[in-house]
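These are the residues of each chain, in order.
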Amino acid sequence: NLVESASQNMPRDRGVRQLAYHLNNEIRSTIQKELKQAREEINTTTMSIVTEFMTEFYQIERKMSNSLAELASGGSKHAKNAQNDAETEELDPVTTPEVDPVTIPQVVDRPSRGRLKVVDRLQKAILEVDGSQCSNQHVMKGIDKSEPDLHICLDNIKPPCIVYSFGVDFNWIFDDFMVQHGCSVFSFDPSMELNAHNRSENHLFEPIGIGIENGNHTGVSTLYSQKSDYPVLTLEGIMQRHGHKHVNLIRMDVEGAEWDVLDQWKETNMWERFDQLLMEIHMHDVPERFAATLESIPFSPAFYSERNFQNRERFVEKVGRVYEIGYLAPRINKSK
């Protein structure tokens, strides 16, 4: 409203109007960011978030009022600068006389203490790794520069070995490598319209997914195709299906379904049933949940972690949304 009312008395200059447009977008961006943060912490730090939001909004409103006050007094020079800024999509601070149209409350440190603690926990769980756990890491290059390398620890993987691969999406590079390494590989992906088949003597593909119960998945789909009615089995169900008591390595890229599966493994003590987990994690909701789940993994810390830049969005602070991360069972480290 401030932009619209003030613009009626401003010169009809493209640069001036561009500056007003950018300031308006800056307020919109701030509102969206702070409201998203408030939703994430509504149960614990509501008042802190609201205070932070109002503080930042008042600061932007003050800068905006100052800028419009000077522009209204006749700033062709500022109009020219604004036009240059608009062309480069960068807005430098505007130098203005001392104008104080609003009262600014005491500034609260950002982020809030509760959120900072969660961010620290999440960063530690993902970014603090111990590569010394594995002395023989095979690095499998990504398909392009935006996709991270996949690290496979081969210290204790020797034939005969069992490997499960969840979420193939027609990319057989990992599966074929493990077959060539002498392992029996079982690949699963319900999004692929293929019948169960063998790619080689030591390989089996089945169009089923991993879940937290045996049956058909009918809830929210994590598949790119948005298919919601597909067969799933728990890890225990799959192992029983194929007569396996122990698995050497699990590779899992299931587009967000990993969180419920990881929590279920904790509840059913499945971590004793395999030695190594390589997975892609996807974070889209509340950071508290992801931090708690990663901290509950008994294989922590990870032996490697790399961000996937195919998704360039930032989740919280220094943490992106998608990572490749690898874990080794403590018993494997002790046997080296």
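All of these numbers come straight from a predicted model, not from anything done at the bench.

Caption draft 1: The sheet that holds strand β11 (residues 304-307), seen in detail. Spatially, the seven strands line up as an open sheet ordered β5-β4-β3-β9-β10-β14-β11, and their pairing is mixed. The strands lining the two open edges of the sheet, one partner per strand, are β5 (203-206) and β11. Strand after strand, the sheet turns through a mean of 10 degrees between neighbouring axes, direction not considered. Pairing between strand β3 (residues 162-166) and strand β4 (residues 184-188): five bridges, direction parallel. Pairing of Ile162 across the sheet is with Ser184, part of β4.

Caption draft 2: Fine view of the nonpolar core. Core analysis: the largest hydrophobic core is formed by 45 residues, its most contacted members being Tyr164 and Trp265. Not counting the four nearest positions on each side in its chain, Trp265 is found in contact with Ile210, Leu235, Ile250, Met252, Met270, Trp271, Phe274 and Leu277. Ranked by size, the runner-up nonpolar core spans 20 residues in total, among them Cys134, Cys153, Val163 and Tyr304.

Caption draft 3: Examining the side chain of Gln133 more closely. Within the element layout of this structure, Gln133 appears in the loop between α5 (113-127) and β1 (137-140). Polar contacts involving the side chain of Gln133 include one to the main-chain carbonyl oxygen of Pro301, which spans 3.0 Å.

Caption draft 4: Quick peek at the pattern of salt bridges. With the rule as written, the count across this model stands at eight salt bridges. One salt bridge in this structure joins Arg199 and Asp176, with 2.8 Å as the shortest N-O distance. Of this pair, Arg199 sits in the loop between β4 and β5 while Asp176 sits in helix α6 (residues 173-180), and the two are 23 residues apart along the sequence. Under the relative-accessibility criterion, Asp176 is labelled partly exposed at 26%. One salt bridge in this structure joins Glu206 and Arg241, with 2.9 Å as the shortest N-O distance. Taken together, the residues span a long stretch of sequence, with Glu206 in strand β5 and Arg241 in helix α7 (residues 235-242) at a distance of 35 residues. Sharing partners across several salt bridges, the network here consists of Asp260, Asp263 and Arg289.

Caption draft 5: Up close: the state of the cysteines. Tallied over the full model, the rule gives two disulfides. For Cys134, the disulfide goes to Cys153, at an S-S distance of 2.2 Å. An S-S torsion of about 105 degrees defines the bridge between Cys134 and Cys153 as right-handed. In this pair, Cys134 sits in the loop between α5 and β1 while Cys153 sits in strand β2 (residues 150-153), placing the two residues 19 residues apart along the sequence. Judged by relative accessible area, Cys134 falls into the buried class, the value being 7%. Each disulfide pairs two cysteine sulfurs, and for Cys161 the partner residue is Cys183, the sulfurs being separated by 2.0 Å.

Caption draft 6: Local environment of the environment of Ile250. Along the chain, Ile250 falls in strand β9 (residues 249-252). For the pair formed by Ile250 and Ile162, sequence separation is 88 residues and the distance between their alpha carbons is 8.8 Å. Those residues within four positions of Ile250 in sequence are excluded, and the remaining contacts are Tyr164, Phe166, Leu235, Trp265, Phe274, Gln276, Leu277 and Leu278.

Caption draft 7: Quick peek at the environment of Leu194. Relative to the helices and strands, Leu194 resides in the loop between β4 and β5. Relative accessible area serves as the criterion here: at 31%, Leu194 is assigned to the partly exposed category. In contact with Leu194, not counting residues within four places along its chain, are Phe170, Phe205 and Pro207.

Caption draft 8: Focus on the sheet that holds strand β7 (residues 215-217). Here we have three strands laid out as an open sheet, ordered β6-β8-β7, and mixed in their pairing. Looking at the sheet topology across the chains shown, the edges are occupied by β6 (209-210) and β7. Bridge analysis of β6 against strand β8 (residues 230-233) gives two bridges, and the strand direction is parallel. Each bridged residue has a counterpart across the sheet, and for Ile210 the counterpart in β8 is Leu233.

Caption draft 9: Seen up close, α7. For α7, every residue scored as buried is listed here: Leu235, Gly237, Ile238 and Met239. Gly243 occupies a position one or two residues after α7 and carries a positive phi of about 70 degrees.

Caption draft 10: Quick peek at unusual backbone geometry. With omega at 0 degrees, the peptide bond leading from Pro159 into Pro160 counts as cis. Here Pro160 shows up in the loop between β2 and β3. The peptide bond linking Ser300 to Pro301 adopts the cis configuration, its omega dihedral lying at 0 degrees. Mapped onto the elements, Pro301 comes out in the loop between α9 (287-295) and β11. Of note, the phi angle at Asp169 is positive, near 50 degrees, even though the residue is not glycine. With respect to the secondary-structure elements, Asp169 resides in the loop between β3 and α6. Of note in the backbone geometry, Glu317 takes a positive phi value of approximately 50 degrees without being a glycine. Structurally, Glu317 is set in the loop between β12 (314-316) and β13 (319-320).

About the thresholds
Within each chain, residue numbers correspond to sequence positions counted from 1 in written order. It should be noted that, the model being predicted, local features are given only for residues of pLDDT at least 70 and side-chain atom pairs only at 80 or more, the latter also being counted only at that level, while totals for whole chains, interfaces and linings use all residues. Computation of side-chain values: all heavy atoms of the structure, hydrogens and water removed. Any two strands with at least two DSSP-identified bridges between them are counted as paired. Secondary structure is summarised from DSSP: a helix means a run of H or I of at least four residues, a strand means a run of E of at least two, and numbering begins at the N terminus for each. Fitting a line to C-alpha atoms yields each axis, with helices limited to the stretch in contact; the angle taken between N-to-C directions then spans 0 to 180 degrees. We define the nonpolar core as a collection of buried residues of types Ala, Val, Leu, Ile, Met, Phe, Trp, Tyr and Cys that are connected through side-chain atoms lying within 4.5 Å of one another. Categorising residues by exposure relies on relative accessible area from a 1.4 Å probe, with only protein chains included: less than 20% of the type maximum marks a residue as buried, more than 50% marks it as exposed, and the intermediate range marks it as partly exposed. Residue contacts are defined here by distance: any two heavy atoms, one from each residue, within 4.5 Å place the two residues in contact. Polar contacts here mean pairs of N or O atoms no more than 3.5 Å apart (in protein, one a potential hydrogen donor and the other a potential acceptor; neighbouring residues in sequence count only if both atoms are side-chain atoms). Think of a salt bridge as a Lys or Arg side-chain nitrogen and an Asp or Glu carboxyl oxygen that are within 4 Å of each other. Note on terminology: disulfide denotes any pair of cysteine sulfur atoms within 2.5 Å.

Taken by themselves, the reported measurements are silent on function.
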